[in-house]
Every structure is written in C-alpha cells, then in structure tokens.
Protein chains: 4
Amino acid sequence: MNQFGERFRLSLFGESHGEGVGVVMDGVPPGLSLSAKDLQADLDQRRPGQSRFVSARREPDVPRILSGVHNGRSTGAPLCVWIENRDAQSKPYEKSANVPRPGHADWVSHVWSRGFADLRGGGHFSGRLTAPLVAAGTVAQKMLGSTGIVAAAHLHQVHDVAGPVNAWDARAIARKAAASSLHTAHAASLGKRFANTIESARKAGDSVGGIIEFRAEQVPVAWGAPFFGSFESQLAHLLFAVPAVKGVSFGAGFAAAAMKGSQHNDPYRMEKGKVAVDRNNAGGILGGLTTGAPVWGHVAVKPSSSIFLPQETVDLSTGKDTVLELTGRHDPCIAVRAVPVVQACLRIVLADFLLLARQQGLGATGTPAI
Amino acid sequence: MNQFGERFRLSLFGESHGEGVGVVMDGVPPGLSLSAKDLQADLDQRRPGQSRFVSARREPDVPRILSGVHNGRSTGAPLCVWIENRDAQSKPYEKSANVPRPGHADWVSHVWSRGFADLRGGGHFSGRLTAPLVAAGTVAQKMLGSTGIVAAAHLHQVHDVAGPVNAWDARAIARKAAASSLHTAHAASLGKRFANTIESARKAGDSVGGIIEFRAEQVPVAWGAPFFGSFESQLAHLLFAVPAVKGVSFGAGFAAAAMKGSQHNDPYRMEKGKVAVDRNNAGGILGGLTTGAPVWGHVAVKPSSSIFLPQETVDLSTGKDTVLELTGRHDPCIAVRAVPVVQACLRIVLADFLLLARQQGLGATGTPAI
Amino acid sequence: MNQFGERFRLSLFGESHGEGVGVVMDGVPPGLSLSAKDLQADLDQRRPGQSRFVSARREPDVPRILSGVHNGRSTGAPLCVWIENRDAQSKPYEKSANVPRPGHADWVSHVWSRGFADLRGGGHFSGRLTAPLVAAGTVAQKMLGSTGIVAAAHLHQVHDVAGPVNAWDARAIARKAAASSLHTAHAASLGKRFANTIESARKAGDSVGGIIEFRAEQVPVAWGAPFFGSFESQLAHLLFAVPAVKGVSFGAGFAAAAMKGSQHNDPYRMEKGKVAVDRNNAGGILGGLTTGAPVWGHVAVKPSSSIFLPQETVDLSTGKDTVLELTGRHDPCIAVRAVPVVQACLRIVLADFLLLARQQGLGATGTPAI
Amino acid sequence: MNQFGERFRLSLFGESHGEGVGVVMDGVPPGLSLSAKDLQADLDQRRPGQSRFVSARREPDVPRILSGVHNGRSTGAPLCVWIENRDAQSKPYEKSANVPRPGHADWVSHVWSRGFADLRGGGHFSGRLTAPLVAAGTVAQKMLGSTGIVAAAHLHQVHDVAGPVNAWDARAIARKAAASSLHTAHAASLGKRFANTIESARKAGDSVGGIIEFRAEQVPVAWGAPFFGSFESQLAHLLFAVPAVKGVSFGAGFAAAAMKGSQHNDPYRMEKGKVAVDRNNAGGILGGLTTGAPVWGHVAVKPSSSIFLPQETVDLSTGKDTVLELTGRHDPCIAVRAVPVVQACLRIVLADFLLLARQQGLGATGTPAI
C-alpha cells in the first residue's frame, strides 16, 4: 500500500506528466501555522531548472493546499497538498512502452500495470513524486517546531570524491547545504571537485552517483519502538521509497563490519547530571530507540539512469535487441536534488515518532527524568 | 506498532529471559503442510550453543504451534508459534538497570519503558526475538513452495576479511551456507580466515562485525509496489528490525555512488523470447519492482555489543561514571547467527509480495506475457 | 486514522466550504475503463439541489481525476478524485464556533481541533465528504464489473412509514431506486406518503429520519474473514463513517433478538448441485463470511440536524445559554441523499473483499468446488 | 487482517478445540499493574459452566501471561495472554465438515479454508475466541484506570422481554450486572421473566436472542476522529467481530428514524461553567466524536445457532439434503455470555482513543478549556 507512517501518515499520488503530484497527510495536529509559501521554500530546494547540475525541466512546483488548513492554520483534518505539472514534455517518452530505458522502471511498471501504465516521464514511478514528499517534510518540520530538534542532510560524496563522515553538526549542515547549489556542507573544501565531476559527466552524456549524509540533533531519548517499529526500520523504509536510493546505513554503517566491539561500542558518561554518549558509532540509535546522541547515517544514490550515451535494450514490439539513445532533460547527478528529499524523510519520521512520544507521555522536548 | 507485512503479517512478542518468545502470523494460506519439525530445522541454524563461534547459551529452541494448524496443514487462521525459554541465566543482568551495557538497548529501553522494562538478557529488545522471525521464515518458505523461488543468505565478510560480492547463485549459497558452521558460501576459500578472526576476538574478550549477502532467484517480474510499498522499502524495514543490523544495500549499493550511469545501468536483452537483464547492478529491483533478475544485496552487522573487556559506562544509582566488566555467554560475531535471520526476512517479504501478486493476478510462478 | 480498507484503501480529505473534497484510492487494479463522466452519473444521485426533498445548495459536483488514470484506463497507481466546491455560502455558519448547532459536530470538532476547526458548513465533518465516497463507490463498481455482483440500496422507511423488509431483489432495488427521486423501491406503494411526510417536515422547519435497506446478490461464498476482518465489521465500520448513521444491522438484525433459534437459523438445501440457503435471516453472512445468499441489512439515519425551529444551545463567547434559529439550505430528510452513499459503501467493501478473494485464490466469480 | 485498533492493537489467535486461544496486545503503556488474577476475574464473567443459562462446557479459562509483564507490571512490550483449552469434547463435531450446522460458520469456513479448516467446535470461528477479547478488555480497563471513565454493559432484552432503554447509569449497570447471573441491570423487575424465557427455550431444545445495552460515562469531550476513525465506526467494527452480533446502534438508534429533528437533536446548556448535553439521543457521539455525555447504545444478539431440534441441512459427502440433530453442550441464550464481551469491546475502543487523545494532547481526564 502506498502509505507511510503510523501516526503522521502520508498517501502519495500523481504522475510525472499527468495533471500533477500530491500528498494527503493524516495526523497533522491542529494549530500549525502553514501557508503555500512555507511549502514553496523547501520545494525550491528540490525543483529542477535551477543550475547546470540539475535537469533543465522548468517546473515552478507551485504547491496548492487543497484541505486541512483554515485561516493559515492546520485544522487537524487531512491536509492535502497538490502541485500541478506545467512543463511536462512527453514526446521523448513515446517509445518507453516498447523500448524500455535501462535503469528506469519503464519495463517493470509496464508489467506491473499489465500494460496500462502511464510511462511518460516515468509516470507514477517518477522521481517527481518526491516533490510532495518534500512538502510533507515541511509540515513535519512545523510539527517538530517547538522541540528544538534540528534535522538536516547534505551531499557528502559525488562519484569517488568524498568528505570526512560525521564531520558537521546539524546546524552547520543545514546552513552550509542551504548556501550551496550542490546542497553540500563540504562546499569550501570539495565544492569545486564535486562540480567538476558532475560537469564532466554531464558533458560526456553520462551521470554520476553520490552519497548523502543525514543528521538530527536534540532528539529526545527513547523515540522509536522495538523491532518493526524501530527508528531505523521506519527511516530506511521511507528512504528506500525515494527513487535511486540503493543503500541506507546508520552511524558507522557498513564500516562497522570491520570494527571490533571494543571500538564500536559507544561509552556512556555522565554530563551535567545526564547520561551522554561518546563516539556515537551507533548513529544515535540502539535497539531501535534514540539515545539522545545525534541520529546520523548515509544514503547511497545511484547515478541517474537517464544518460545520453547509446544503451543496449530491447524493442518489445519486435522482440529484438536494440540500442537506445535518449534525448530530453535530465540530472547528471540526481543525488544533488535528492538532498532535500532525504532531509524531508528524516523530518517525516521524526514527526511520526514525536506523536508516538506524546502518546506514550515520553515528552516531546526532553529526556524523562529517571 | 510491532507488526510487519501487508498481507502476510507478523506480530512478535516475548522476552529473552521471560516465559519465551513467539509470533502470530496472519495471512497464511490454508493447506500448507507444516509441523514443529519443519520449524525446528531452520531454528537449529540460528540457535546458540552449537559451536565455539556462537554463544554458549544452550537453548533447544523447541517450537510449539499454538494455533492455525490442524492435521498437519495450515487452516488459514492466525498461526501462532511459541518457543519457551529454558536456559535463561538472569544473574549477569541484575545490574543492567543501573549500569547500562554500552552498545545494548538497556538504557534506552529502560527510558522507553519508564523504568518498567524487563532488562534480563535484553528483555523484549533481545536478539532472541529473531527466533520467531526464523519460524515465520519457515512458513514463508512453505508459501513460496511451488513458485520455484530460491532465497538464501550467507556470511560474506567477517571483520576485514571479505569474499567477492555477487559471486554465487542462490542454490550454491543455500547449499554452502548450510554445510558451513559459519553459514558462509566462501568456506572453501575464507572459512579458515573467518574462523581465526572470530576466534581471536573471542579469546581477547572482544567481538567482530560482518556483512551478510542475501539473494533470491526466480522471482517473477514486477513483484513490489511504487514508493512506500517498494520491495526495497519492505525488505529494508524488516532487516533493520533485526538487532545489530546497521546497513542495508541492494545490488551495487554504496559502491553505486562511485559509478557512472553508463557503468551502473543494467542493459536489457532478449533471451529465449523473454526480457533478460545483464550485469544486475540494480540488485534485481527497479522502481521498487523486481526485474526478474536475482534480487541481491548486503546487510552490515555490527560487532556484538557484549564483550568482556572493561567498558566505560554510568551508574544511574549513583549518577557517576563507572567501568563495567561483563560476564555471561555471548557471541563473538553475531553476524554468524544473523545469517538464517536475514534469510528468513527475505523469505517473509517475498511471501508477502506473493500474496500481492496473487491479488493483482500477476501470477506467482512466472512472468506475465506482454 | 482517516483511512479505510485493507486492499482497496481510501483516504478522504476536504471541507464543505473550503477548496473542495477528494479521495485517494489505493489498490485499484490497472485496466479499468474510467472517466469523469462515469463518476458524474453516481454523484448526480447524491448531489443537492435536485428536488424539494433535498438541500437547495446548487453544487454541480464535477469530479476531476487528478491521478491514476491514463488514456481512459486505470493504471494501478493511486487514483485521486477531486471535486471543487462552487456554491458554498458560508455566511450562515459564522456563529457556529460560538453558538454550536445542536445535533451537529460544531462544538466537538471545535474542541477536537483545539479551536482551529474550519466550521463553515461543518468543515471536514460535513456530509459533503460523502461525495468522494460515492466516487469511490463508482470505482468499486468498476472493479466488481465482471463478477456479476449486483449491489444496491434504497430508502425503506421515512419517519414512521415503512415498507416490507427484504422485499425486493437487488436488480429491482437498483432499477426502482434510480427511477425514484426519493431513491426508494417502495415508490409505487409508499412514494406519495414518503413525499408528504418529508414535505410536512420541511414546511414545519423540521426534519425526519429514515431507514435505508442495502442488498448485494451474486456474492461468492466465503468472502470475508474471521473476527476483525468480518464482512459485517468492515461494512459497519464504513457505514458508521457516514454522518447521520446511528444504526446498522444485517439480515433480521434487531428483530433477531425476539426470535428463537429454530426460527432464525437458515436451513441449507441442495439446489442444482450447489449448497443454497433458505430464509436468509443471517443477511447472507455467517462467521463474518458470505454464504452466497443475498447480503442484506438496514441502516438507520437520524433526522437531519439542521432544522429551522428555535433550539436551545449555548453561547461560548458569553458562557450563557441561548436560543439558536438557523437559516441556510438544508435537507428535510437526509436519508434520501444517504441512499447512494450507502450503496457506495456496500460496493467499496465488496471491492476490498474481491481483492482478498483473489489473493486467496477463492475466485472472484463463483463458488470454489469442494 | 485479524487485527484491531490503531494504537492499542489486538491480534487474536486460537481455536475452540485446539491448543487454546490467545491475544497479542500492542501499545499497552508500561507500568500498569497486571496479573493473571486480574484477568481471571473478568474471564469468569464470560466462561461457560456457571449456571443453567449457559453452556455446560467446564472450561476454567485460566489465563497465562506469556509476555509483556515483568514483576507484576506491564513493560510496554507486546503483551500476550494465552488460555489453554481443557474441556474440549470434539466428538459432536465430527460431522460438521460434511453436514454443516445451520446458523454456524461450518460451511463457509470450510470453503474459506479450502477444506482445511479445523471445524471442531467452530475452530477459529468459535465464540471461544471472545475469551481473549475479554482479557484485552481487562487490560483496557487498566489503561483507563485513572481517567474516571466507567464503561459497562448489561442484558437489556431477552427474546421479546425488554426493560426501558437508557434507564441506568454506568455504575448501576456495572454493579447490577455483576450481581446478576444473567448480567442484567433489570434483574429486580425482569430477572425472573428473563430466566423463565431462557429456561423454556432450553427445555424445548431451542434458543432465544437478546439485546445488550452498553454505556460509558465520564468520557472526555472529543475522543474519536472524523469519518473512518469515528468512535461509532471503531466500536461497531469491534462489536460486529463478536459472533452472533447482528445489529449495533448508538443512542436512539433505529428509533431515531421515526423521530423528528426537533425531537432528536440534543440541546446544549451551560452547567457549572461547562457545556452539557441534554436528552442524549445521539448516544454521546456527534461527528464521530464524544460529546462528554454518556456513550450508550445497543447490540442485537441472535439466538444461539446451536439448538437440539431437527434442522434441515445438506450432506456434502452425498450431495443430498438431510436432517441434523445436534448433541453437545450449548447456550440457550448466548446473549448472556456476550455481555462481558460487549463490555470488553467498549473498554478496548476507549483505551485506543485514550492513546489518541494523549497523542493529540487532548488530555485523558477532562475537557480542554476553550
């Protein structure tokens, strides 16, 4: 089912080249100040057509609040945000049904839909559906408003160029990523190399992958649940819903495999009367619950599937192999535009757990005294 | 909520040192041949006390089917499997409430439970809850029975010793892992080094991490759903519910970040009148749907948190820092015992999507002709 | 959560006097022929302004399909239908926040929303949200298309005037209700009395209640599930979501209380090699599963809360008792317009169980041979 | 899916003549004092073998807490209660597969299970599954503990003998029903007639139906949710999961159909600075939300299907009509034993909404000031 969240629940809908894309959000508390302008600010981070690093599609991505807001405040009723498509150019996709693009969902969605899929621009399987996810992230951020939680993401690696992991606090990430057209906190040291790498790929008609780092601070202790309701399960579930994401890790992640327990285990110590966690290899989560230390991890994003080099594929109308040369407007490094989406995912999951914490009486803004 | 699955749905319950651990499974189709003996075979792969590579706790892990089976066949009613605890030794855990073990859920579960947690052996947050997951995996495998799908997992890396990725087909993985006390298909080439690495850690009172590779073959095309219902979202959700898992990736995974689109995109070609996928960097999944190519990926398992070296922690009864030296019975490389759990997770998700495919009329045993 | 259905799942959104009302439907199979015109036909049965028996609000209720349909066919992706508000007159509701209307949700929704509710015309709590339910019913009917199932509803009682229960087959109900401006199959015998009763209430500034009978035929045997997933649980859940519904019963219903088992039990007999059910006091359902006999029952609809007689209420701005005299446009017997909504509910639940039956391999169009 | 509840979620399992029956409860807050003895007290109200009005099956119904409780307190982890079967006598059911009992689920569950159902005593479809529901009701009552809410039910009508509706407050209902072997608050006036009616049916080998009244007081204002999450939808959903329930109504219920709006609408007035509701025809619910007035309504229970008179049915082994004469131990008026089950259902739904109210910050114990 295309729904996510236990208490803050999202239903996505829409197509890349159809009428538009949208999301219904259930569980939004009443009283949040919210306007289309608030949504626009975050959407602008994700939308195409803004620099040479991203697709030239010129979608203004103007959000319209269809329900759930009255007099500038959420009412507690389901909140629907709708973003009309305006600059869809469907011509390049006319062949997708018969000549599937490698790396895209064309063929499998065609099968899944028994031949009835809208394949223009990827249809419902398009990355364009992440625009409403970003809108949901804005609402989530409003929900987190008074908690002091800071949740951010930035581009940490482009192709084989990577900065140091876990190097920035969440505020720095938010600030630096917002100031960078590549959404990276490593802009001062690596911005130029990132840009050159992407530009080279673009010029070659090729694309490159990347890794995004996410981080949340001031998350209270014990948000989450055991097993299926774990913080990691929920966040990974949502992140893997983002097209092009092929890996998710928390804290030391895959590097933990090559560590010893004595290196990996994070020591506790008392700090001003509270339990503090050192080292934080766990990425701020133990047993599916937050430890109060920063929640951090990584998201691997594959190189954009849309490239302009000749690719081997099949022609389903003839049943023969063929070679495809794509045209159209595409992102040479989709990881750039995935940064605000990953940030939105983090906020959405935090907002969901905020509601759980309230239900549990765990308090939304601090550690219970025990 | 501690429930997983849309159509094949699991509810876990139990504690490490309480009465036992169990699972209720909804959505099991009627008519499956199933006995406690069937469950035992898989549980034996996971249970402790079997070699020097795993904990010395001697749990026979005898499953009892409490409901949903009649005359040796599933009835379609909820199927409950219950495994009594028999060799719990709670003494070593008496201090956990006040002196939390680093890397364990002691402290956070104590907060989450507002001080009422059963902390003995990790209580409900224990890895022991994966025993009922393995039982659910057995039922899932029965559901997959007639489809021809082969789903398996094996230990691919121990500490810094790794074999080649994506090197074995699913049948080889199943066969080799079953024959290896370390559940690895790399036994011939790396078994000794794996063993030595674990043994060194054990002797030093330390532990090591590892990486598990999973793989499913003969999965029909287009199993899955877009976005939140994606194959990757569902499987990652379940895998991150397994204690100690800190990373999940599909296909090339994190390595995809350093690839170009022209390298990463998997070409299509016709093979005997059917669409085939070459290279399979995507791990058999595009747009959240299976491509018919093998589903494969990796799971990073942190080093066991229980080590016998002195560790810095806090004493909540005094509010001061302290040093903890654990005793008890633990696994020097929990990744070994996580292998059958990862395999079970893969089968559980496949069984859930099998039911979806039936609902969709997509056919469970083959590719629809289009 | 404002979502209904296990496999065919609805998310409602919208407000009576806001931008409009809508619904996202998940689980719609691909390939259904569907147009806005199809939706319009059913919506026209529900919409106001059509006769003197219903509200004078003149909403054209023009549906717009925002997603999930391509080239006139459903794609399998989430299907969103949106109906803009056009004739909202919010002036009469300006006082609702301070002077709640008896029988309406004004006051409780004000509390629920912590003072942020959109109270105009009932806001999200308005009966206007049943328009998207009717749209979902149209899609459900498309899903049922090839099964031969006929599902219908009609106005069975107005105030104290009632026809005989269980008197018409489903086709007759559908045909007669469609031909009657009061949506009743009793039009020939009781149409005039129904009309007079409603007209008297209208002239007196008052309103009357009614009872709706629903009926589905050709439903295959064993659709449903035990306990929480029972056919009755699912249908009653949905029917009680319809504003003004205060009672739901199946088969003999409340009258069953005054029966003996020997009267109430429905005998089985063989008919043309198949098991048939006589009498059908059970309303076509035993143990939560359909018996193959017609599914039938009743829905009690309270008299419209909006009346024009003086009513005692409170003024929250002064904290004193007051008397309210409503103006505006209202239905003297809301049960009339609830008929197509009840019919839609029945179809929605049947469509959900159709998908379950497919998943179970129970067959959608007939009784499995056993 | 056999699961109920959004935040306090139940998974039922078990069979009438199998190993036993049980329930897993998710969402139980930590810290509740709970023992098997607490559960026993409520189970004793439901269990058979206690008087001549109920089945002679002598089940002690001894509950065992398998998980989620430690040192006499709930831990917040899933709480499993298990009740072993001890006095199952399966011989009378040997024919059920071939000669289905009228009014029972034998035949439909046989079809649903594709021939693999456990039909002994109704198997999973048995009323015996309501024992774990009662256990869940006990836990729900513990959750409601500090709120002051009183939720009760009693036998209001037996066959054609009924007391006045809405005549007792919740405390009186609880007290009088507990003191009556027929679980009725009308014992003083109607106890003898109820008993004679049931006894006559029993002697005749027949059975009678009944109506149960439920009532909850001190429920805070605005518990519930719009539409699918409405208080009525949730409670009706659960009540219709109880075998033999064929009708559910709130407040005036079906009688509302024959009322005018001016009679049915409940006036508001100020009482000690708070909004109060007069008359309460709405049964304490408007727009799916509680009004602060008592929540009340009725549940129609059909006469027990098991009677000892000859009944027409079919023999599936021969494909011919036949006559069945049942033996065994049955209830002449199952409505008697359904009373504690209805009470449990009411408490379960209240507990679920308590958690929602906490999540919303609506306060669990009183009306928010507005």
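First, a word on scope: everything that follows refers to the structure included in this document. (Residues numbered from 1 in each chain as written. Chains lettered and ligands numbered in written order. Predicted model: local features only at pLDDT ≥ 70, side-chain atom pairs only at ≥ 80, totals over all residues. Heavy atoms only, no water.)

### With respect to the interface of chain B and chain A
Keep this limit in mind: Contact definition: two residues touch when any of their heavy atoms are within 4.5 Å. In this description, buried area is defined as the sum, over both parts, of the accessible area (probe of 1.4 Å) that is lost when the two are combined. Just to be clear on terms, a salt bridge is a Lys or Arg side-chain nitrogen sitting within 4 Å of an Asp or Glu carboxyl oxygen.
Contact with chain B, which involves 105 residues of that partner, is made by 105 residues of chain A. For the chain B and chain A pair, buried surface summed over both sides reaches about 8,700 Å², with 68% attributable to carbon and sulfur atoms. Counting across the interface, chain B meets chain A through two salt bridges. The shortest N-O distance in the salt bridge between Lys246 of chain B and Glu232 of chain A comes to 2.8 Å.

### Focus: the sheet that holds strand E8 (residues 150-158) of chain A
Operational definition: Whether two strands pair depends on DSSP finding at least two bridges between them. Runs of E in the DSSP output that reach at least two residues are strands. Runs of H or I that reach at least four are helices, and both are numbered from the N terminus. Only the stretch in contact is used when a helix axis is fitted, and all axes are lines through C-alpha atoms; the angle between N-to-C directions ranges over 0 to 180 degrees.
Reading across the sheet, the ten strands line up as E9(A)-E8(A)-E10(A)-E16(A)-E11(A)-E11(B)-E16(B)-E10(B)-E8(B)-E9(B) and stay open at both edges, with antiparallel pairing between neighbours. Looking at the sheet topology across the chains shown, the edges are occupied by strand E9 (161-162) of chain A together with strand E9 (161-162) of chain B. Note: strand E11 (residues 245-250) of chain A against strand E11 (residues 245-250) of chain B, three bridges, orientation antiparallel. Paired with Ser249 of chain A across the two strands is Gly247 of chain B, which belongs to E11 of chain B. Where helix H4 (residues 170-179) of chain A meets the sheet, it contacts E8 and strand E10 (210-217) of chain A, and its direction lies at approximately 65 degrees from that of E8 of chain A. Sheet contacts for helix H5 (residues 187-203) of chain A: E8 and E9 of chain A; angle to E8 of chain A, the most-contacted strand, approximately 60 degrees.

### Structural notes on the relation of the copies chain B and chain A
Using the following cut-off: When the copies are superposed, the least-squares fit takes in the C-alpha atoms of residues with a pLDDT of at least 70 in both.
In screw terms, the move from chain B to chain A is a rotation of 180 degrees and a rise of 0.0 Å along the axis, fitting with an RMSD of 0.0 Å. Considering both components of the superposition, the chain copies are consistent with a two-fold axis. Using C-alpha coordinates, one finds that chain B approaches the rotation axis most closely at His237 of chain B, a distance of 2.5 Å.

### Topic: the pairing of strand E7 (residues 79-84) of chain D
All names here are of chain D. What counts here: Exposed residues in this analysis have more than 50% of their type's maximum accessible area, buried residues have under 20%, and partly exposed residues fall in between, with area computed by a 1.4 Å probe over protein chains only.
Counting buried positions over the six residues of E7 gives five, a clear majority of the element. Where strand E3 (residues 20-26) lies against E7, six bridges are found, and the strand directions are antiparallel. Each bridged residue has a counterpart across the sheet, and for Val23 the counterpart in E7 is Val81. With four bridges connecting them, strand E4 (residues 63-67) and E7 associate as antiparallel partners.

### Focus: the interface of chain D and chain C
Size of an interface: often given as the accessible area lost when the parts come together. What counts is decided by this rule: In protein, a polar contact means a hydrogen-donor-capable atom and an acceptor-capable atom, both N or O and within 3.5 Å, with residues adjacent in sequence counting only if both atoms are side-chain atoms; elsewhere, any N or O pair within 3.5 Å suffices. Amino acid classes used here: Ala, Val, Leu, Ile, Met, Phe, Trp, Tyr, Cys and Pro are nonpolar; Asp, Glu, Lys and Arg are charged; the rest, including Gly, are polar.
Chain D puts 105 residues into the contact, and the matching count from chain C is 105 residues. For the interface between chain D and chain C, the tally reads two salt bridges. Counting every contact that joins chain D to chain C gives 45 residue pairs in polar contact (both at pLDDT 80 or more). Tallied by class, residues from the side of chain D that touches chain C come to 54 nonpolar, 37 polar and 14 charged.

### Quick notes on the relation of the copies chain D and chain C
Overlaying chain D with chain C gives an RMSD of 0.0 Å, the required rotation being 180 degrees about an axis along which the chain moves by 0.0 Å. Most of the interface of chain D is mirrored in chain C: 100% of its interface residues are interface residues there too.

### Quick word on unusual backbone geometry
All names here are of chain A. One non-glycine residue, Ala222, lies in the positive phi region at around 75 degrees. In this fold, Ala222 is placed in the loop between E10 and helix H6 (231-239). Ala222 gets classed as buried once you look at its relative accessible area, which sits at 0%. Of note, the phi angle at Asn280 is positive, near 60 degrees, even though the residue is not glycine. Mapped onto the elements, Asn280 comes out in the loop between strand E13 (274-277) and strand E14 (285-286).

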